[in-house]
Amino acid sequence: MAAGTGASGARPRGWSAARIPAQEGRTAVVTGADSGIGYVTARELARHGAHVVLACRSERRGADAVARLLSQVPGAHAEFSRLDLGDLASVREFAARHVRRPVDVLLNNAGVMPLPYARTADGFERQFGVNHLGHFALTGLLLPALLRAPGSRVVTVSSGLHVLGNIDPRDLDSARHYRRWRAHARSKTANLLFTHELARRLDAAGAGTVAAAAHPGLACAHLRAAGARREGRTAGERLAALATRLVGQRPEAGALPSLYAATAPGVAQDSFTGPRFLWWRGAPAPSWRAPWTRDDETARRLWAASEELTGVRYDLPEV
């Protein structure tokens with residue numbers, strides 16, 4: 001395992017974006033970087049010198065985000081590159097554009113919140129397809145670029161809501177009986193199982209890349225509200241916004257666990273970072289995770305299924 005603090009190790013109180021180490025000469029890819037914690041993550045990495053690729057589905061929103069970032073951080077190095085995680089052809093096109101140069105940080109941040117049942121361009125249930133399979137394929141296709149960068153990191157954003165559901169290998173896309181919140185929880189559990197298995201494979205291969213996970217706590221209500229809007233649940237939308245105003249935190253705080261996992265010294269393989277106070281707010285700290293997210297056999301089965309579904313196999317020794 002990588003040296004440094006593990007999932008239960010102590011971390012300094014009050015860690016903030018000001019403590020991000022210098023990132024000059026490093027390249028970071030941030031998915032879903034046009035708004036919320038993804039945008040803040042991209043902006044702060046750029047503020048500390050990284051060349052940041054804002055990987056977003058909407059060309060208009062991505063270009064607007066780059067313009068906003070450059071206005072807030074004059075002289076920053078940032079670019080937009082289109083990526084639709086719900087379309088494996090788009091994932092392959094994005095990776096082909098960026099795999100030739102080293103990638104120091106891949107931040108798998110994008111995701112969809114609970115929505116009515118829908119399928120991706122490739123026929124997968126949308127939450128599982130975007131939140132897990134899209135990032136599984138992207139990471140595998142960019143792996144050569146990550147392995148070329150000393151000390152590179154893959155940070156995958158999960159959620160405290162993963163505790164609401166383990167994956168069912170017999171029904172990965174919830175086709176038998178779809179419940180949107182359970183499907184969301186399963187996709188977030190898949191994020192942690194992916195990180196667990198990737199960390200194991202990287203260690204077995206003697207690679208210097210660290211695979212870690214993070215969650216923002218209660219932040220970014222616009223994602224929760226999106227599900228309510230699509231179903232016409234205006235009361236649910238108002239409740240989500242009210243809850244976040246009362247007990248949640250701004251994207252600037254919600255992005256800190258991701259930024260910590262991506263940049264702080266000594267981040268361990270398979271660590272899980274979240275807000276310190278009751279999972280939803282405060283400075284980054286080790287976060288509890290459900291025991292099933294470290295189950296080796298389930299992680300291997302999910303990995304094999306993900307390879308089969310996406311057609312992406314990692315350039316690492318078989319272990």
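Above this text is the structure in question.
In what follows, the accompanying structure is described.

## Side note on the pattern of salt bridges
Working step 1: With the rule as written, the count across this model stands at 14 salt bridges.
Working step 2: Its salt-bridge partner being aspartate 64, residue arginine 60 comes within 3.7 Å of it at the nearest N-O pair. Here aspartate 64 and arginine 60 lie together in helix H2 (residues 59-72), a separation of 4 residues that amounts to about one turn.
Working step 3: The exposure class assigned to aspartate 64 is partly exposed, which follows from its relative accessible area of 39%.
Working step 4: Where salt bridges share partners, they join Arg43, Glu44, Arg47, Arg250 and Glu252 into one cluster.

## Section: the pairing of strand S1 (residues 27-31)
Working step 1: In terms of burial, S1 is largely enclosed, as 5 of its 5 residues are buried.
Working step 2: Burial along S1 is two-sided: the residues Thr27, Val29 and Thr31 and Ala28 and Val30 are all buried.
Working step 3: Since S1 and strand S2 (residues 51-56) lie parallel, the crossover through helix H1 (residues 36-47) that links them has a hand, and here it is right-handed.
Working step 4: Sheet analysis places S1 next to strand S4 (residues 105-108), joined by 3 bridges and oriented parallel. The partner of valine 29 across the bridge, within S4, is leucine 106.

## Looking at the packing of aromatic side chains
Working step 1: According to the stated counting rule, one finds 7 aromatic pairs in the structure shown.
Working step 2: Seen from their ring centres, phenylalanine 136 and tryptophan 303 are 5.0 Å apart, and the 80° between their planes marks the pair as edge-to-face. Residue phenylalanine 136 is located in helix H4 (residues 126-147), and its partner tryptophan 303 is located in helix H10 (residues 296-310); the two are separated by 167 residues in the primary sequence. A single burial state applies to phenylalanine 136 and to tryptophan 303, both of which are buried.
Working step 3: Ring geometry for phenylalanine 194 versus tryptophan 303: centroids 5.9 Å apart, planes at 20°, classification stacked. Linking phenylalanine 194 in helix H5 (residues 180-204) with tryptophan 303 in helix H10, this pair joins segments that are 109 residues apart in sequence.
Working step 4: Taking NZ or CZ as reference, arginine 68 lies 4.1 Å from the ring centre of tyrosine 39, over its face.

Each value, and the rule that gives it
Counting restarts for each chain, with residues numbered from 1 along the sequence as it is written. The predicted nature of this model means local features are confined to residues of pLDDT at least 70 and side-chain atom pairs, given and counted, to a pLDDT of 80 or more, with totals for whole chains, interfaces and linings taken over all residues. Side-chain descriptors were evaluated using all non-hydrogen atoms of the structure, hydrogens and water having been removed beforehand. Salt bridge, as used here: a side-chain nitrogen of Lys or Arg that lies within 4 Å of a carboxyl oxygen of Asp or Glu. Counting from the N terminus, the helices are the DSSP runs of H or I reaching at least four residues and the strands are the DSSP runs of E reaching at least two. Three labels apply to residues, based on accessible area from a 1.4 Å probe with only protein chains included: buried if under 20% of the type maximum, exposed if over 50%, partly exposed otherwise in between. Look down the strands so they point away from you; if going from the first strand over the helix to the second traces a clockwise path, that crossover is right-handed. Only when DSSP finds a minimum of two bridges between them are two strands counted as paired. Pairing of aromatic side chains requires ring centres within 6.5 Å, counting the rings of Phe and Tyr and the six-membered ring of Trp. Pairs whose planes differ by under 30 degrees are stacked, by over 60 edge-to-face, and all others tilted. Only when the NZ atom of a Lys or the CZ atom of an Arg is both within 6 Å of the ring centre and within 35 degrees of the ring normal do we say a charge sits over the ring.

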